Amino acid sequence: MDHFASTYLSVFLDELEEQLLTLDHSILELESGGNQQDTIQKIFRAAHTLKGSSAAMGFHQMKEVTHRVESVFDLLRQDRLSLSSTLINTLFDCIDYLKSQREALRQGRTEEQPHGTLLIALNDCLSGRPAVSAGKEETDGLPELNGCEGTESGWAQTELEEMARKREEGVPLYLVSVTLTAGADMPTVRAMLVHRTLSETGEVIALKPSLADWENEELLLSGPISYVIASGHPPETIGSNVLQLSQINDVNVQLIESFPQPGRERGRTKAEAFLDEHAAPVAASVAALDAAPVSASGPAASAPTAAPDAVASVSSASLPSAPAGKLEASAEGKASIQQTVRVDVKRLEHLLNLVGELIIDNTRLQEVRRKLGERDKQDQDVATLGEVTDHLNRVIAELQEGMMKTRMLPIEQLFNRFPRLVRDLSQQAGKEIQFTIEGKETELDRTLIEEIGDPLIHILRNAADHGIESPDEREKLGKPRKGLLLLQASHQENAIVIRVKDDGRGIDPEKVKRKAVHKGFITELEAARLSDKELIALIFHSGMSTAEQVTELSGRGVGMDIVRTQIEKLNGLIDIDTTLGQGTEITIKLPLTLAITRSLLVELGKHTVAIPLVHVLETFQLSSANIQSVHGKEICTVRGDIFPLVRLHGKLRTEPARAGKGYAVMIGAAERRVCLYVDRLVANQEIVMKPLSAYLGQVPYVSGSSILGNGSIAYILDVNAVVRDAGTVIDPGRVGRHAVKSVHTEKRVTFMLGDQRYALDIGQVKEIIRVPALLQVASTSPEMLGMFNLRGSLLPVVDLAQCLGLSPLPIGEESRVIVMREGGSDIGVLVDSVTEVFNMPDSEVETTPAAIANVASEFIRGIHKRGDELTVLLRTDKLLAASGFCIA
Amino acid sequence: MKNYIVLGLNGEKYALSISEIQEIIKVQPITEVPCDKPFVKGVINLRGRIVPVIGLSARFGAEEAEQGSSARIVIVSSEADDIGIGVDSVDQVASFDEILPPATDSSAVASRDYLSGIGKLGDRLVSILDLKAVLGLRGEL
């Protein structure tokens, strides 16, 4: 058994996990919808599978529990037992037991926990059924262990009925006889593997010898093991799949034809009759096999001709019911089987690292090629090198994309845990909740899935405990007794948006205010000045819990601030929208992946430092005028507000490039803000995060590192640490406002064209890069400067000045290309220099006077005034469309 | 018989067991890292991996000599991480006729804490480095 444990435990655990999800899901369904046959079948099969695999693994307690569960559902599906809440709760207890067992196994504890009173409870449920005919049901209720009925044929009653049912559905049944190699190691495992393999092509509905006897290795070795499988696949496939397993001597697949329709009561005798009929052919075919061992396709070849109609109808109509296990665990209605492979995450990460190395080598190769090209334009070999590197470039880009995708998992994995959670919550809190999940298939990085679980649980708890009112209260308010709770995931550009919405009582700003004042977070006076939205934002303050009393579910006062901290750690944002009496909606916005973040690259002395863009509020050029010193600490004023100015050069052991003329980057986390002094703004680009070696220990203010295109290393700034050490809490009046702003971003990128300052929405801007080597193309429009290669895709670069009717721009040291997304494709625009990123709320943007700075007014969204500085906010869609570069 | 790589540093010879060495590379641009181990010179980009590099002479508390063309970085693997060790030169692969325990009373060699023995190579003595101690993983920091 030890050998098993090491080799097959992980496979077993995966299966356990899958089936537990199915069980959880299905029992909930059952509870909400009464006695549906399909669901009961599903549960029955899941329990059956689990019983089989836990028996094979030697987990007897688990086997017994699942066996009883199976028995319960056997009775249920025969309408001989009716559902009750006690039964459902007992079933959930069983699932919990299996879950705790799974956790124990995960942690390497292979001894089983006692199942305690579970069996008794289950037996009570079993005996609680209305007695019909005691003698018969005793054996029915506890089949298989006693060698079961149908002894002559070796098939159990339940199996026979299942066969009959499949037959009715028109799914072809095959009898698969497998002979193990004489003296095969661990025959039980072999038989289990065959079972698993068969499950991939169809549904195994009957076994001989029965599972309970599988521990008898002699029995398995002595004769063929018979599986009855319901499958839409051709018998050749079924047979060859099994033959691929090792130590399998022979496989014989045979279509089961002529099958009598058994009635419910008389089913057994008829089914047995069928099997008696069949016992002979089986024996015959096995005998034949001994003579001609390689015959997996032999008898099978005739099968498709025998049942072509059945095969066709299966593939179109009744497929959803055919394959077992995996498919049922996933959402209903998925009609096709997805072939999947389980891969160790470590292997994936290793591959991803290798791709990372490829990318860096590729960049260097490009560099060499460019140099060679400059040196000798005519050389044929250089041209060939060019072709090869271009192709390599594309392949690597696709490889990278593909690898990133393998890290993505549907959020279903997480969401499937929640229906049960909400059910338990609503029971404990005495609420009635209709829980809906949308967008299960939304994919995101697996690390994110792991990290986002706890905050979501917290939010759901809050909704169930505080948000949704008790049924009576709801009735009084004229709402339906059942509260609605919606959990929704969706993609939005490069982000995942998760929404939790309830139609409960909402958050009362007055209550929040009283609490905040009571706890001393703000003064009465300050509170009076705050808007409702700003008051609500106070619930993110640590120590806030508006629950009048602490319940078991929530209200421990470590609520939303932890949720927010956790989400910000993932570079995400959280926002609350609530209406008193109508409900609350909490929106979480997360990056698609943790491995890649959009960052602002800045120079601090000799270091290049990346600041995750979600933390960057604005950037501006510093002049000595707006830096002041208070108590030996530098501060800077931005539009009348005071922020600490932090110079990290000392901490990073480097010297500022030149005194005086630097930039400030305002960074923020939670309600804290800091202005960071940087020597230069370099670019805005996506970077791949890499951890710094653990050997280095804690490096102050550095959370990781990244390798830039030229092979040099950039540090990723630990914004949370900087802000924690140096940030001032801006006064609460602004908390709300900033929290809102950071979601509805009104950040604009400003840049120069000649002497005039222009701005673009930051949402449109994908990257800002130095002017790359441009590939000249034949083009009729003078604005078109050429194409360039951005990580494998060719993008056009246009001269923005010429588009606006200005004179062409000379390309200088400060020139940059802004890569933006317009009309569904990416395009680069050349600008003189990128000056800063700052908040330019729409409210401050004035509409355009007739014409300004030679720019036709239809290309202008408005003018922003800051002091006496005018910035023209551009409408690039119109502009580029007019120049013929994209479709508006 | 175990093989060793003989390294040159500040005019002296040291040796590391060949089994501890992953590879030897030419000196690359090093990005300094503001960490609290003073002998860490920084990190390098080793084919997409970020690898910390320590200066061996800084580790021994000696002045860093001007790096010549023979300077190398020896990449060793320790626990989960790869770590680079900057040396003045890599001389040869050798196996020692005899290995003596490190002198315990010699106060002249500041680096004696980092030695696991003295190897005899013909008539020359080569100090064999205790990799864990050199990397500061013996917990003495």
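Residues numbered from 1 in each chain as written. Chains lettered and ligands numbered in written order. Predicted model: local features only at pLDDT ≥ 70, side-chain atom pairs only at ≥ 80, totals over all residues.

**Topic: the overall build of chain A**
Phase 1: Scanning chain A from terminus to terminus reveals 29 helices and 34 strands.
Phase 2: Sorting the 888 residues of chain A into buried and exposed places 39% on the buried side.
Phase 3: Of all intrachain contacts in chain A linking residues separated by at least 6 positions in sequence, the fraction that spans at least 24 positions is 69%. (Helix = DSSP H or I, 4+ residues; strand = E, 2+ residues; numbered from the N terminus. Buried ≥ 20, exposed ≤ 12 C-beta atoms within 10 Å, placed from the backbone. Contact = placed C-beta atoms within 7 Å.)

**Brief notes about the overall build of chain B**
Phase 1: What chain B contains, in helices and strands, is two helices and 11 strands.
Phase 2: For chain B, the sequential pattern of α-helices and β-strands runs β-β-β-β-β-α-β-β-β-β-β-β-α.
Phase 3: For chain B, the residues scored as buried account for 30% of the 141 residues in total.
Phase 4: In chain B, 48% of the contacts between residues at least 6 apart in sequence involve partners at least 24 apart.

**Regarding the interface of chain A and chain B**
Buried accessible area, meaning the area lost when the parts come together, often serves as the stated size of an interface.
Phase 1: At the interface, 21 residues of chain A touch 18 residues of chain B.
Phase 2: With four residues, the top contributor of residues to the side of chain A that touches chain B is helix α16 (residues 345–375) of chain A.
Phase 3: Considering only residue class, the side of chain A that touches chain B consists of 10 nonpolar, seven polar and four charged. (Nonpolar A, V, L, I, M, F, W, Y, C, P; charged D, E, K, R; others polar.)

**Digging into the sheet that holds strand β31 (residues 833–839) of chain A**
Residue and element names in this part refer to chain A.
Phase 1: In spatial order, the strands read β31-β24-β25-β34-β33-β32; together these six strands make up an open sheet with mixed pairing. Every other strand in the sheet has two partners, leaving β31 and β32 (845–846) as the edge strands with one partner each.
Phase 2: Relative to strand β25 (residues 756–761), strand β24 (residues 747–753) is paired through six bridges, and the arrangement is antiparallel. Considered in β25, the bridge of T750 is made with A759. (Pairing = 2+ DSSP bridges.)

**Quick notes on the pairing of strand β18 (residues 663–669) of chain A**
Residue and element names in this part refer to chain A.
Phase 1: Within β18, six of the seven residues are buried, which leaves it mostly tucked inside the rest of the structure.
Phase 2: Judged from the five bridges that link them, strand β14 (residues 616–621) and β18 form a sheet pairing that is antiparallel. Bridge assignment links F620 to a residue of β18, and that residue is A664.
Phase 3: In this structure, β18 lies alongside strand β19 (residues 672–678), joined through seven bridges in antiparallel fashion. Residue pairing in the sheet places M666 in a bridge with C675 of β19.

**Points about the packing of helix α2 (residues 37–57) of chain A against helix α3 (residues 60–77) of chain A**
All names here are of chain A.
Phase 1: Between α2 and α3, the least distance of the axes is 8 Å, while the angle of their chain directions is 155 degrees. When the interaxial angle is binned, α2 and α3 end up roughly antiparallel. In the crossing of α2 with α3, the sense of the turn from one axis to the other is left-handed. Residues Q37, I40, Q41, I43, F44, A47, H48, L50, K51, S54 and A55 of α2 form the contact with α3, whose participating residues are M62, K63, T66, H67, V69, E70, F73, D74, L76 and R77.
Phase 2: Grouping the amino acids of the contact of α2 with α3 by side-chain chemistry returns 10 nonpolar, six polar and five charged. (Axes fitted to C-alpha atoms, helices over the stretch in contact; angles between N-to-C directions. Parallel < 35°, antiparallel > 145°, perpendicular 65-115°, else oblique. Left-handed = near helix turned anticlockwise from the far one by under 90°.)

**Considerations on the sheet that holds strand β2 (residues 202–208) of chain A**
Residues and elements named next belong to chain A.
Phase 1: Strand order in the open sheet formed by four strands is β2-β3-β1-β4, with antiparallel pairing between adjacent strands. What marks the edges here is a single partner per strand, and that holds for β2 and β4 (248–255). Between one strand axis and the next, the sheet turns by 25 degrees as a mean value, whatever way the strands run.
Phase 2: Across seven bridges, the pairing between strand β1 (residues 173–180) and β4 is antiparallel. Of the residues in β4, the one forming a bridge with V178 is V251.
Phase 3: Seen against the sheet, helix α7 (residues 157–169) touches β1, β2 and β3 (225–231) and runs at an angle of roughly 145 degrees to β2.

**Quick look at the confidence of the model for chain A**
Residue and element names in this part refer to chain A.
Phase 1: Confidence along chain A averages 73 in pLDDT terms, with 78% of residues attaining 70 or more.
Phase 2: Counting contacts from residues 548–558, a segment whose pLDDT is below 50, to residues more than four positions away or on other chains yields 20 contacts.
Phase 3: Here residues 729–745 is a poorly scored stretch, pLDDT under 50, and it has 32 contacts once near neighbours within four places are set aside; other chains count. (pLDDT = per-residue confidence, 0-100.)

**Overview of the nonpolar core**
Phase 1: Counting residues in each nonpolar core, the largest one holds 111 residues, and the members touching the most others are A:V602, A:I611, A:V665, A:I667, A:L676, A:V722 and A:I818.
Phase 2: Sequence-distant contacts of A:I611, that is, excluding residues within four places in its chain, are made with A:S599, A:L600, A:V602, A:V616, A:V665, A:I667, A:L717 and A:V719. (Core = buried A, V, L, I, M, F, W, Y, C linked by C-beta atoms within 7 Å.)

**Quick word on the confidence of the model for chain B**
All names here are of chain B.
Phase 1: On average, residues of chain B carry a pLDDT of 81, and 87% of them reach 70 or more.
Phase 2: No element of chain B has a lower mean pLDDT than strand β9 (residues 98–100), which averages 80, and none a higher one than strand β3 (residues 21–26), which averages 90.
Phase 3: Reported for the predicted complex are a pTM of 0.48 and an ipTM of 0.81.

**Examining the packing of helix α8 (residues 187–201) of chain A against helix α10 (residues 235–243) of chain A**
Helix packing geometry: the angle between the two helix axes and the distance between the axes.
Residue and element names in this part refer to chain A.
Phase 1: Close contact between α8 and α10 brings their axes to 9 Å; oriented N to C, the two are set at 150 degrees. By the angle between their directions, the pair α8 and α10 is classed as roughly antiparallel. Both α8 and α10 take part in a crossing whose hand is right-handed. For the pair formed by α8 and α10, the contact residues are V194, T197, L198, E200 and T201 on the first element and T237, I238, N241 and V242 on the second.

**Observations regarding unusual backbone geometry**
Phase 1: Although it is not a glycine, A:Y701 adopts a positive phi angle of roughly 65 degrees.
Phase 2: Tracing the backbone shows A:Y701 in the loop between β20 (680–688) and β21 (702–707).
Phase 3: Owing to 22 C-beta atoms within 10 Å, A:Y701 belongs among the buried residues under this scheme.
Phase 4: The backbone of B:N10 sits at a positive phi, close to 50 degrees, despite the residue not being glycine.

**What to know about helix α19 (residues 418–429) of chain A**
Residue and element names in this part refer to chain A.
Phase 1: Across its 12 residues, α19 extends 16 Å between first and last C-alpha, which sits within 8% of the 16 Å expected from 1.5 Å per residue.
Phase 2: Looking at α19, one finds that the buried residues are R420, V422, R423, L425 and S426.
Phase 3: Positive phi shows up at G430, right after α19, with a value of about 65 degrees. (Expected span 1.5 Å × (residues − 1).)

**Quick notes on α10(A)**
Phase 1: Regarding α10(A), the residues found buried are A:P235, A:I238, A:G239 and A:V242. Down the axis of α10(A), the buried set is contained in an arc of 90 degrees. They therefore lie on one face. (Arc of directions from axis to C-beta.)

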